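So the chains spell out like this:
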Amino acid sequence: MRILITGAAGFLGSHLVDRFLEEDCRVIGVDNLITGALRNLEHLEDEPRFTLLRHDVSLPLYLADELDGILHFASPASPADYLDLPIQTLKVGSLGTHNMLGLARAQGARFLLASTSEVYGDPQVHPQPEDYWGHVNPVGPRGVYDESKRFAEAMTMAYHRTHRLETRIARIFNTYGSRMRPADGRVVSNFIVQAVRGEPLTVYGDGSQTRSFCYVDDLVEGVFRLFHAEGPGADPVNLGNPGEFTVAELAELVRDLAGSDVAIERRPLPQDDPQVRCPDITRAREVLGWSPRVSLEEGLRRTIPYFRRLVTEEGASARTLE
Ligand code: NAD
Ligand code: UDP
């Protein structure tokens, strides 16, 4: 199979490239490196089945190569990134998705959209099943990300219904692991980098807000199965780990596992920060036979050495919201 992955130099995109190469596919990665890093792909320098195109997918892309599948993962994903890049975020979710759907249609390729738990906003239903429509503030700071993904889902369904394109929508919940940038700004990378550097962990608000953290290998397996599965059709599928933790609990766990006794520093809670978030993964269990295997503790144990190396060798630091 020949697969195109947008956002290939990013955290999830680069792991997906590896996964499809393992299955003997040819992979074309597309990335403009706005939040990605070439180092995530440097192990593929001599891999003849992989090609990287440096291109902004918010601009049209015409390819002569035949494609069997497109996985659209390009988008700033960390709140720190999309708050810095609001217009690029809206464009890649809207124009970028439209362009990639057009390419999929021209090639008769299956299309998978990387959507997000953010489509549920600050949810009033808990845990969140796929048939919950969400609670999003379109004009708040996070609206640029939430609405771009909601638009992307609507556009994907329109191509499915109008052009009979084979489409899949993965609603991905907070995922962490190696290849995240140390200064990505998301909570897991921030806390690990801060603990390793001996700096206080920056907890926003009182730390009572919850998230459900999925280890990258589990997520990649879920996306891979969803791409190939016939069962779910075009309906969205939640992919995430239903284990739910408060941010304060995560801080304690990271401190323990990193062997660090740094202080906790309270910072203001960002506007519209969801109070709870936890996936209902019944659909993924039923149609994909998938559920996460790696606990938060085990996933953090696997992830800490990656960030420790970047801190020790390169003096990497975290990034907090102003
Ligand atoms: P990331 O920032 O590490 O990767 C995103 C990649 O997309 C980067 O390499 C970036 O350079 C590239 N990109 C952005 N805009 C582009 C454009 N216009 N043209 C070409 N490339 C572009 O983020 P990630 O965590 O790997 O997220 C990947 C995808 O998964 C995103 O679509 C995100 O919304 C989705 N997602 C991730 C999570 C998570 O927890 N990691 C959760 C929900 C959804
Ligand atoms: N957070 C925090 N300290 C940080 C970074 C994030 O307390 O240094 C909190 C943030 O306010 C949110 C949660 O951790 O409640 C998850 O934030 P993240 O940026 O990882 O992703 P989100 O789930 O908000 O998209």
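For clarity, every value in this text was computed on a predicted model and none was experimentally measured.

Let's talk about the packing of helix H7 (residues 247-258) against helix H9 (residues 296-314)
It is at 10 Å that the axes of H7 and H9 come closest, and there the two elements cross at 60 degrees. By the angle between their directions, the pair H7 and H9 is classed as oblique. Judged by the sense of rotation from one axis to the other, the crossing of H7 with H9 is right-handed. Residues Leu250, Leu253, Val254, Leu257 and Ala258 of H7 form the contact with H9, whose own contacting residues are Leu296, Glu297, Leu300, Arg301, Ile304 and Arg308. For the contact of H7 with H9, the class distribution of residues is eight nonpolar, no polar and three charged.

With respect to the site of ligand 2
In the vicinity of ligand 2, 18 residues are found, and the nearest of them are Thr202, Tyr204, Arg211, Asp273 and Arg277. Contact distances for ligand 2 include 2.9 Å between an oxygen atom and a side-chain N or O atom of asparagine 190. Within the contact set of ligand 2, a nitrogen atom lies 2.6 Å away from a backbone nitrogen or oxygen of threonine 202. Contact with the protein chains covers 95% of the free accessible surface of ligand 2, which is 520 Å². Listing elements by their share of the shell around ligand 2, those giving two or more residues are helix H5 (187-197) and strand S8 (201-204). The class makeup of the residues in the shell around ligand 2 is seven nonpolar, five polar and six charged.

A short note on the layout of surface pockets
Approximately 220 Å³ is the volume attributed to the second largest pocket. Residue lining of the second largest pocket: Val119, Tyr120, Glu130, Asp131, Tyr132, Trp133, Arg150, Glu153, Ala154 and Arg171, and that is the complete set. For the lining of the second largest pocket, the element with the highest residue contribution is helix H4 (residues 143-163), accounting for three residues.

Considering the nonpolar core
Among the nonpolar cores identified, the biggest contains 66 residues, and Phe20, Leu71, Phe73, Leu239 and Leu300 are the most heavily contacted of them. Counting 24 residues, the second-largest nonpolar core is a separate cluster that includes Val30, Leu67, Leu103 and Ala104.

Considering the environment of aspartate 280
Mapped onto the elements of the fold, aspartate 280 is located in the loop between strand S13 (264-267) and helix H8 (282-288). Sequence-wise, aspartate 280 and tyrosine 82 are 198 residues apart; in three dimensions their C-alpha atoms are separated by 26 Å. With near-sequence residues (within four places) excluded, aspartate 280 lies in contact with Pro127, Gln128, Pro129, Glu130 and Asn238.

Observations concerning helix H3 (residues 86-107)
If you check H3, its first and last C-alpha atoms are 31 Å apart, about what 22 residues at 1.5 Å a residue would give, namely 32 Å. Approximately 35 degrees is the largest bend angle found in H3, and it occurs at valine 92. All of the buried residues along H3 are Thr89, Val92, Gly93, Ser94, Gly96, Thr97, Asn99, Met100, Leu101, Leu103, Ala104 and Gln107. Summarising the contacts, the buried residues of H3 are in contact with strand S1 (2-6), strand S4 (69-72), helix H2 (79-84), strand S5 (110-116), H4 and strand S6 (167-172).

Brief notes about unusual backbone geometry
A cis amide bond links histidine 126 to the next residue, proline 127, at an omega of -10 degrees. Within the element layout of this structure, proline 127 appears in the loop between S5 and H4. Positive phi outside glycine occurs at aspartate 272, with the angle close to 65 degrees. Take aspartate 272: it is sitting in the loop between S13 and H8.

Conventions we followed
- Residues numbered from 1 in each chain as written.
- Chains lettered and ligands numbered in written order.
- Predicted model: local features only at pLDDT ≥ 70, side-chain atom pairs only at ≥ 80, totals over all residues.
- Heavy atoms only, no water.
- Axes fitted to C-alpha atoms, helices over the stretch in contact; angles between N-to-C directions.
- Helix = DSSP H or I, 4+ residues; strand = E, 2+ residues; numbered from the N terminus.
- Parallel < 35°, antiparallel > 145°, perpendicular 65-115°, else oblique.
- Left-handed = near helix turned anticlockwise from the far one by under 90°.
- Contact = heavy atoms within 4.5 Å.
- Nonpolar A, V, L, I, M, F, W, Y, C, P; charged D, E, K, R; others polar.
- Near = heavy atom within 4 Å.
- Polar contact = N/O pair within 3.5 Å; in protein donor to acceptor, adjacent residues only side chain to side chain.
- Areas by Shrake-Rupley, 256 points an atom, 1.4 Å probe, with all protein chains shown as cover.
- 1 Å grid on protein atoms, 1.4 Å probe; cavity = no way out; pocket = protein on both sides within 12 Å on 5 of 7 lines; lining within 4 Å.
- Points joined across faces, edges and corners; volume = space filled by probe spheres on them.
- Core = buried A, V, L, I, M, F, W, Y, C linked by side-chain atoms within 4.5 Å.
- Buried < 20%, exposed > 50% of the residue type's maximum accessible area, 1.4 Å probe, protein only.
- Expected span 1.5 Å × (residues − 1).
- Bend = angle between axes of the 7 residues up to and from the residue.

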